[in-house]
Amino acid sequence: MSAQPVMEHNTAPDRTALDSKVPEKGVIPVAGGKGGTGKSTLTANIGVGLALLGYRVILVDGDLGGADLHLFFDQVAPSRSLSSFLTREASSLKDVMLSTSHQNLKLICGGNELIGTANLPFLVKEKLMRHVRGLEADFVVLDLGAGTAFNTLDLFSMSNHGLVVCTPQPHARVDAYGFIKNVVYRKLRRAFSRNKAVLDRIDHFARTSGRRSGRIRELIDELAAVDVGAAEQAAADLRCLRPRLVLNQVRNRRQLEDAGRFIRLVEEYLSVSMEYAGYVRADINIVQACERRRPLLLDNPGSPAAQDISSLVLNGLGVADRLQRFGPVNDGKMADIARAHTRASGTYECAREGARK
Ligand SMILES: Nc1ncnc2c1ncn2[C@@H]1O[C@H](COP(=O)(O)OP(=O)(O)OP(=O)(O)O)[C@@H](O)[C@H]1O
Ligand SMILES: [Mg+2]
């Protein structure tokens, strides 16, 4: 299949083009530590959900080396991708942006040539983050890779409210915990990169914390011994950090209770107040939509997982309904809109045909 940009079918005037640059709260990084928890699936569907609410959304595949977000939009070999931007072939992110079947939703693919770039040079990464912040959109949803590579930690730290996607498996919780812990250390190290005494304390604590309880508040106490101001700043920085937990592939109520325990653990040991954004049930319809290379919200908007994702967008992310199409908790109505969008002049199928020409 050629990878031309897909055709746009919704020609209604864009009532949402109010702001020019993505607002600070509009950058939503999606990470999780463990592989396969559903980060890309949720990125794609949250993006569709926000677009259906009337926001201008850009999805960015920040999973450098394992990019696959484009597959949700039936792009097998995208004509343009982030790699052209990172290698300076393209001077702006806009030049590598692709359209999707929804006029409000654009896509920046990762490009599989990026294998081996799990840690971008500092200046390249800074440039990428600056350009992401400069995108003309209401929301930029950033799909990140598994693990704790510096790229992933830094892109996640573009927002204090990034999403951590975890499944009920103990392994996923361990990896999600490890991911947040790495975000904390990375944040502190970057904040004090010019303060050697403080940096040494942080590194020493990180190296030896495994032998003790490793509570971050003990680190703050230790920092206070060398630099009271730095300790106060570190505590304040961590108070701002409010990642949001999304529990994916949920099968029963008990698993939701485990999520509550996880949030308390993170607070207790890492001094990070996690917010609970919501859950998505394990649902075969997600797998089927994935096989059809379509986002579930458009493929089967009435399915249990689609209802959960709608609820996540409306309630968990606290996104206002800009077009005032429906009330704040009425995610069933969102399914109606998604259905209407899918039906409208055969939107999605036409878009796929367009992409094949
Ligand atoms: N709620 C769900 N119910 C059933 N299957 C799901 C659900 N969420 C995700 N999946 C399936 O889990 C698999 C992994 O999903 P996905 O690729 O989104 O994970 P990921 O976290 O992005 O993985 P990676 O770390 O490799 O990038 C896919 O086959 C997807 O269809
Ligand atoms: Mg992924």
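Scroll up to find the structure.
Below: a short report on this structure. All values derive from a computational prediction rather than experimental measurement.

So, how was this worked out
- Residues numbered from 1 in each chain as written.
- Chains lettered and ligands numbered in written order.
- Predicted model: local features only at pLDDT ≥ 70, side-chain atom pairs only at ≥ 80, totals over all residues.
- Near = placed C-beta within 6 Å.
- Helix = DSSP H or I, 4+ residues; strand = E, 2+ residues; numbered from the N terminus.
- Nonpolar A, V, L, I, M, F, W, Y, C, P; charged D, E, K, R; others polar.
- Domains from an automatic or database assignment.
- Core = buried A, V, L, I, M, F, W, Y, C linked by C-beta atoms within 7 Å.
- Buried ≥ 20, exposed ≤ 12 C-beta atoms within 10 Å, placed from the backbone.
- Contact = placed C-beta atoms within 7 Å.
- Axes fitted to C-alpha atoms, helices over the stretch in contact; angles between N-to-C directions.
- Left-handed = near helix turned anticlockwise from the far one by under 90°.
- Pairing = 2+ DSSP bridges.

With that settled, consider the site of ligand 1. Taken together, 20 residues form the shell around ligand 1, and within it Gly35, Gly38, Lys39, Ser40 and Thr41 come nearest. Elements with a minimum of two residues in the shell around ligand 1: α1 (39-52), β7 (244-250) and α10 (284-291). Across the shell around ligand 1, the residue classes tally to 7 nonpolar, 10 polar and 3 charged. Mapped onto the domain boundaries, the shell around ligand 1 takes at least three residues apiece from domain 1 (26-159 + 283-349 + 353-357) and domain 2 (168-280).

A separate point is unusual backbone geometry. Although it is not a glycine, Arg88 sits at a positive phi angle of roughly 70°. With respect to the secondary-structure elements, Arg88 resides in the loop between α2 (82-86) and β3 (97-99). Positioned with a positive phi, Gln249 is a non-glycine residue whose angle comes to about 60°. Within the secondary structure layout, Gln249 lies in strand β7.

Here we take up the nonpolar core. Grouped together as the largest cluster of nonpolar side chains are 94 residues, with contacts concentrated most on Val57, Ile108, Val140, Val164, Val246 and Ile309. Top element by residues in this core is helix α5 (residues 170-191). It accounts for 8 residues. With near-sequence residues (within four places) excluded, Val246 lies in contact with Leu42, Leu163, Val164, Val165, Ala277, Gly278, Val280 and Leu312.

With respect to the secondary-structure elements, Phe150 resides in helix α4 (residues 150-156). Residue classification places Phe150 among the partly exposed positions, given that 14 C-beta atoms sit within 10 Å. Taking the C-alpha atoms as reference, Phe150 lies 9.2 Å from Asn182; in sequence the two are 32 residues apart.

It is the contact of α1 with helix α12 (residues 304-316), at a shortest axis distance of 10 Å, that shows an interaxial angle of 65°. Considering only the axes of α1 and α12, their crossing is right-handed. Here α1 contributes Leu42, Asn45, Ile46, Gly49 and Leu50 to the contact with α12, which in turn contributes Ile309, Ser310 and Val313. For the contact of α1 with α12, the per-class residue count stands at 5 nonpolar, 3 polar and no charged.

Of all the 13 residues making up α12, 10 are buried; the element is thus mostly covered by neighbouring parts of the structure. Positive backbone phi, approximately 60°, marks Gly318, located one or two places after α12.

Turning our attention to the sheet that holds β7. Here 8 strands make up an open sheet; going across it, the order is β3-β4-β2-β5-β1-β6-β7-β8 and the pairing mixed. This sheet does not close on itself; its edge strands, each paired only once, are β3 and β8 (275-281). On average, each strand axis in the sheet is tilted by 25° relative to the strand beside it, whichever way the strands run. In this sheet, strand β5 (residues 139-144) lies alongside strand β2 (residues 57-62) in parallel orientation, the contact comprising 6 bridges. Bridged to Gly62 within β5 is Leu144. Here α5 sits on the sheet in contact with β1 (27-31) and β6 (163-166), set at roughly 160° to β6.

Honestly, it's all geometry; don't read function into it.
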